[in-house]
Amino acid sequence: MKGRVHRNDKIIIVSAPSGAGKSTVVKHLLAAGLGLEFSISATSRKMREGEVNGREYYFISADEFRDKIKEGELLEWQEVYQGSYYGTLNSEVQRIHDNGNIPIFDLDVVGGLNVKKIYGNKALALFIKPPSIEVLEQRLRSRKSDSEENLRKRLDKAAWELEFAPRFDKVLVNGVLEVALKNAEEVVKEFLNNKGK
Ligand code: ADP
Ligand code: 5GP
C-alpha cells in the first residue's frame, strides 16, 4: 500500500569501520534472494569517479542537505566526515517498502545505532568486525583507495568505532570471507523468518 507509515516493517542495518568488509557483506546479502533492497543515502560529499547519482548516493549540496534537515525529510543524518553530511531520506525507506522489499542500510556506527533506536526489534543491527586492527590495515592497504594520510585517519577512527560493537544486535567477525558471508546470511534469514518480532 502506498503512502502508509512503515515503521512497523523490518529493516537491516550494517555498520563497521571502513575496510572491515561492510560493502562486501552488503553486496552478498543483496544477491542472496532475501528481498532486500539497498537504501540509497543522500550525501553532500563530492561524487567519486565511477559513482552515479541515484545509485551509490543521492548527491546534493550542503545547502540542500540542511534544507532537508529543516523540513524533517531525514530519518537520520550525520556529519560522518568534517563538512560531509550523510543521511537517510524518509522517502527512500518508503520507496523500498512500496516496492515490497526490506531496506538494508549501510550506516556509520552512530547512525546505525540511532536507526536501531527508532525501529527497536523491527531492526537487525549488524556490526562487521575485522579480526584485528593489523588485518584491517592490511585490507585498507590492499584496496589501494586511500592516501597514507586518509588511511591513518580511517585507522584512528576505527579504534573508536570498534568500541560501539557491543551495542549492536550481532557482531560478525570478518576473518575467512566465506564463513563471514555465510554467517551474515544465516543471521539475516533467521531475523526475517522470525514472525513474532
Ligand atoms: P568496507 O565497505 O567496510 O570499507 P570492503 O568491503 O570494501 O570494506 O572491504 C575492504 C577490502 O578488504 C576490499 O578490498 C575487500 O575485497 C577486502 N575484504 C573484505 N573481506 C575480506 C576478507 N574476509 N578477507 C580478505 N579480504 C577481504
Ligand atoms: P564514503 O566512503 O561513502 O564517503 O563514506 C561512507 C561512510 O558514511 C560510511 O561509514 C557509511 O556507512 C556512512 N554512511 C553512508 N550513508 C550514511 C547515512 O545515510 N547515514 C549515516 N549516518 N552514515 C552513512
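These remarks concern the structure in this document.

The rules behind the values
- Residues numbered from 1 in each chain as written.
- Chains lettered and ligands numbered in written order.
- Predicted model: local features only at pLDDT ≥ 70, side-chain atom pairs only at ≥ 80, totals over all residues.
- Heavy atoms only, no water.
- Buried < 20%, exposed > 50% of the residue type's maximum accessible area, 1.4 Å probe, protein only.
- Helix = DSSP H or I, 4+ residues; strand = E, 2+ residues; numbered from the N terminus.
- Pairing = 2+ DSSP bridges.
- Near = heavy atom within 4 Å.
- Polar contact = N/O pair within 3.5 Å; in protein donor to acceptor, adjacent residues only side chain to side chain.
- Areas by Shrake-Rupley, 256 points an atom, 1.4 Å probe, with all protein chains shown as cover.
- Nonpolar A, V, L, I, M, F, W, Y, C, P; charged D, E, K, R; others polar.
- Axes fitted to C-alpha atoms, helices over the stretch in contact; angles between N-to-C directions.
- Phe/Tyr/Trp six-rings, centres within 6.5 Å; stacked < 30°, edge-to-face > 60°.
- Lys NZ or Arg CZ within 6 Å of the ring centre and 35° of its normal.
- Contact = heavy atoms within 4.5 Å.

Counting buried residues along strand β8 (residues 123-129), 6 of its 7 residues qualify, which places the element largely inside the surrounding structure. Sheet analysis places strand β1 (residues 11-15) next to β8, joined by 5 bridges and oriented parallel. The partner of S15 across the bridge, within β8, is F127. Where β8 lies against strand β9 (residues 170-173), 4 bridges are found, and the strand directions are parallel. Considered in β9, the bridge of I128 is made with L172.

Attention now goes to the site of ligand 2. Ligand 2 sits among 16 residues. The nearest are S41, R45, Y57, Y86 and D106. At 2.7 Å, a side-chain N or O of D108 approaches a nitrogen atom of ligand 2. In isolation ligand 2 has 520 Å² of accessible area, and contact with the protein removes 90% of it. For the shell around ligand 2, the leading source of residues is strand β5 (residues 74-81), giving 4 residues. Here the residues of the shell around ligand 2 are counted per class, giving 5 nonpolar, 5 polar and 6 charged.

Bringing the site of ligand 1 into the picture now. The full set close to ligand 1 counts 13 residues, and G19, K22, S23, T24 and N174 are the nearest of them. Between ligand 1 and T24, the relevant distance is 2.5 Å, taken from an oxygen atom to a side-chain nitrogen or oxygen of the residue. Bound to the protein, ligand 1 loses 74% of the 570 Å² it would expose on its own. Only α1 (22-30) and α5 (133-143) provide two or more residues apiece to the shell around ligand 1. A total of 3 residues in the shell around ligand 1 trace back to one element, the largest contributor, which is α1. Taken together, the residues of the shell around ligand 1 sort by class into 3 nonpolar, 7 polar and 3 charged.

Another point: the sheet that holds strand β7 (residues 102-106). A sheet is described by the order of its strands in space; here 5 strands give the open sequence β2-β7-β1-β8-β9, paired in parallel fashion. The sheet is open, and its two borders are formed by β2 (36-38) and β9, each paired with just one other strand. Neighbour-to-neighbour, the strand axes of the sheet open up by a mean angle of 25°, direction not taken into account.

Turning to the packing of aromatic side chains, a few remarks are in order. For any pair of aromatic rings, the description consists of the separation of the ring centres together with the inter-plane angle of the planes. Inspection of every chain in the model, using the stated rule, returns 6 aromatic pairs. With a centroid separation of 5.2 Å and 15° between ring planes, the pair formed by F65 and Y85 is classed as stacked. Residue F65 is found in helix α2 (residues 62-70), and its partner Y85 is found in strand β6 (residues 84-89); the two are separated by 20 residues along the sequence. Through a chain of ring-to-ring contacts, three or more aromatic side chains come together here, namely Y57, F59 and Y86. Positioned above the aromatic ring of F191, the side-chain terminus of K10 is 5.0 Å from the ring centre.

Right, let's talk about the sheet that holds strand β3 (residues 41-43) for a bit. With mixed pairing, 4 strands are arranged side by side in an open sheet as β4-β3-β6-β5. The open sheet terminates on both sides in strands that have one partner only, identified here as β4 (57-59) and β5. Across the sheet, the mean angle from the axis of one strand to that of its neighbour is 25°, orientation sign disregarded. Most of the contacts of α2 go to β6, to which it runs at about 45°, and overall it touches β3, β5 and β6.

Fair warning: the whole summary comes from geometry, so function is off the table for now.
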